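Below are the chains, spelled out letter by letter.
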Amino acid sequence: MIRLEDWKLYYYLLFGMIIESDIDFPQLVKAEKTEADIVIKSGTMPKELYDYEKECGSSLGNKISWLINTYCYLYVENGSVITYELKEKGTLSMVRNYLMGWGISMLGLQRGINAMHCSVVASDKGAILISGESGSGKSTLTNMFLDKGWKLMADDMAYVQTKDSGDVMVYPAFPHQKLCRDAALRKGYDLDELIYLGEDKDKFFVPYKGEFVLHEMPVKALIILGRHKGDEVVTEEAQGFNKFLGCVNNLFLRHILGQERYSGIPARESFRMAEGIRVFRIVRPVEGDTLQEVTQKAMTIVEDIVKDM
């Protein structure tokens, strides 16, 4: 275990681990124990990162990974330590977002765990992962499940790990949801009291007031939402290699990994995940409002899955 004693520290629960940090994360669940699995700390970067010729870049490795962008440096080591340093344009609010996104997903990769770009809802018997690019209806479908009594586990990213037994497990993130500015205002939130995610997305973290699952759950299915140029909502269950593609192409790090996601740890863990769950794809027309039909089809899928739980 890792301990730091030199400055004020904060302890949180995230993805089944205890995080020790020298900056606070208001959205995370506080931990009572102080024996950390992961340390997040401010520090200086290796010289080669300062010498990097471009303003932005990244590198992924089993032992060392790093990210450089307009606002900060992130340096991830041995699946246990993330060091950050602000640039002149950076703020703590920005670096918090990058740490909880890129930093934690890079760290998971070093630990042999895939970070999935998804929201997660759970019943007492299992969890459903919901993936989809912006505008696909992920938030709408997630909230539909929550309105029907399902519990929240994650809104944007989750750690998914396949055990030696073959069981695919998902670990809880934190009890907040992302809302765009208009949606937050419609729901009556005071924007000054919310956590702002940045101008690039113009979204806010909103505390989730319903029931939040704090322990790992078995994954029963992945539902992938998309859009197409057709006239109808199309539903299909993926089989064989397409199940693998559904998993690997919804990794949080998919854009940084590029073609590398089809080899090494990302591919291995995606194959193992695909073997243990069902994968469905629901695509709706680009034109028109078919979100209600999408949610109905998704609920039909899940009702069928629940019968076998």
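Structural notes, computed from the coordinates.

Here is what the cut-offs are and how they apply
Here the residue numbering is sequential within each chain, running from 1 through the sequence in written order. Two thresholds apply to this predicted model, a pLDDT of at least 70 for residue-level local features and 80 or more for giving and counting side-chain atom pairs, whereas whole-chain, interface and lining totals are computed over all residues. For side-chain calculations, the full set of non-hydrogen atoms in the structure is used, while hydrogens and water are omitted. Whenever a carboxyl oxygen of Asp or Glu lies within 4 Å of a side-chain nitrogen of Lys or Arg, that contact is scored as a salt bridge. Remark: exposure states derive from per-residue accessible area (1.4 Å probe, protein chains only) relative to the maximum for the residue type, with buried under 20%, exposed over 50%, and partly exposed in between. Runs of E in the DSSP output that reach at least two residues are strands. Runs of H or I that reach at least four are helices, and both are numbered from the N terminus. When DSSP finds two or more bridges between two strands, those strands count as paired. Two aromatic rings from Phe, Tyr or Trp, using only the six-membered ring of Trp, form a pair when their centres are within 6.5 Å; if the ring planes differ by under 30 degrees the pair is stacked, by over 60 it is edge-to-face, and anything between is tilted. Any Lys NZ or Arg CZ found within 6 Å of a ring centre and within 35 degrees of that ring's normal is scored as a charge over the ring.

Focus on the pattern of salt bridges
Here the idea is simple: oppositely charged side chains can pair when their charged atoms come close.
Alright, step 1. Tallying each qualifying case throughout the model produces 11 salt bridges.
Alright, step 2. With its nearest N and O atoms 2.5 Å apart, the salt bridge here joins Lys47 to Asp51.
Alright, step 3. When its relative accessible area of 60% is taken as the criterion, Lys47 is described as exposed.
Alright, step 4. Note that Glu133 and Arg254 form a salt bridge whose closest N and O atoms lie 3.0 Å from each other. With a gap of 121 residues between them, Glu133 in the loop between β11 (127–132) and α3 (138–147) and Arg254 in helix α6 (residues 254–257) connect regions that are remote in the sequence.

Regarding the sheet that holds strand β16 (residues 195–196)
Alright, step 1. A sheet is described by the order of its strands in space; here three strands give the open sequence β15-β17-β16, paired in antiparallel fashion. Taken across any chain shown, the strands that pair with only one partner, and hence form the sheet edges, are β15 (176–180) and β16.
Alright, step 2. Here β16 runs beside strand β17 (residues 203–207); their pairing, made up of two bridges, is antiparallel. From the neighbouring strand, Ile195 faces β17, where its bridge partner is Phe205.

A closer look at the environment of Thr91
Alright, step 1. Mapped onto the fold, Thr91 is located in the loop between β8 (81–86) and α2 (92–110).
Alright, step 2. In this structure, the C-alpha to C-alpha distance between Thr91 and Tyr71, residues 20 residues apart in sequence, is 7.4 Å.

A closer look at the pairing of β8
Alright, step 1. As paired strands, strand β4 (residues 38–42) and β8 are joined by four bridges and run parallel to one another. When the sheet's bridge partners are listed, Lys41 is paired in β8 with Thr83.
Alright, step 2. Two elements, strand β7 (residues 72–77) and β8, share six bridges in a ladder whose sense is antiparallel. When the sheet's bridge partners are listed, Val76 is paired in β8 with Ile82.

Comments concerning unusual backbone geometry
Alright, step 1. The phi torsion at Phe15 lies on the positive side, around 55°, for a residue other than glycine.
Alright, step 2. With respect to the helices, strands and loops of the structure, Phe15 is situated in the loop between β1 (10–14) and β2 (17–21).
Alright, step 3. Look at Phe15 and you get buried, because its relative accessible area is 5%.

A few points about the packing of aromatic side chains
Alright, step 1. Tallying each qualifying case throughout the model produces 10 aromatic pairs.
Alright, step 2. For the pair Phe145 and Trp150, a centre-to-centre distance of 5.3 Å together with 75° between the ring planes defines the contact as edge-to-face. Trp150 carries the same exposure label as Phe145, and that label is buried.
Alright, step 3. Between Phe241 and Phe271 the ring centres are 6.5 Å apart and the planes differ by 50°, which places this aromatic pair in the tilted class. With a gap of 30 residues between them, Phe241 in helix α5 (residues 241–248) and Phe271 in helix α7 (residues 264–276) connect regions that are remote in the sequence.
Alright, step 4. Taken together, Phe241, Phe244 and Phe271 form an aromatic cluster joined through their ring pairs.
Alright, step 5. We note Lys87 situated over the ring of Tyr73; from NZ or CZ to the ring centre the distance is 5.1 Å.

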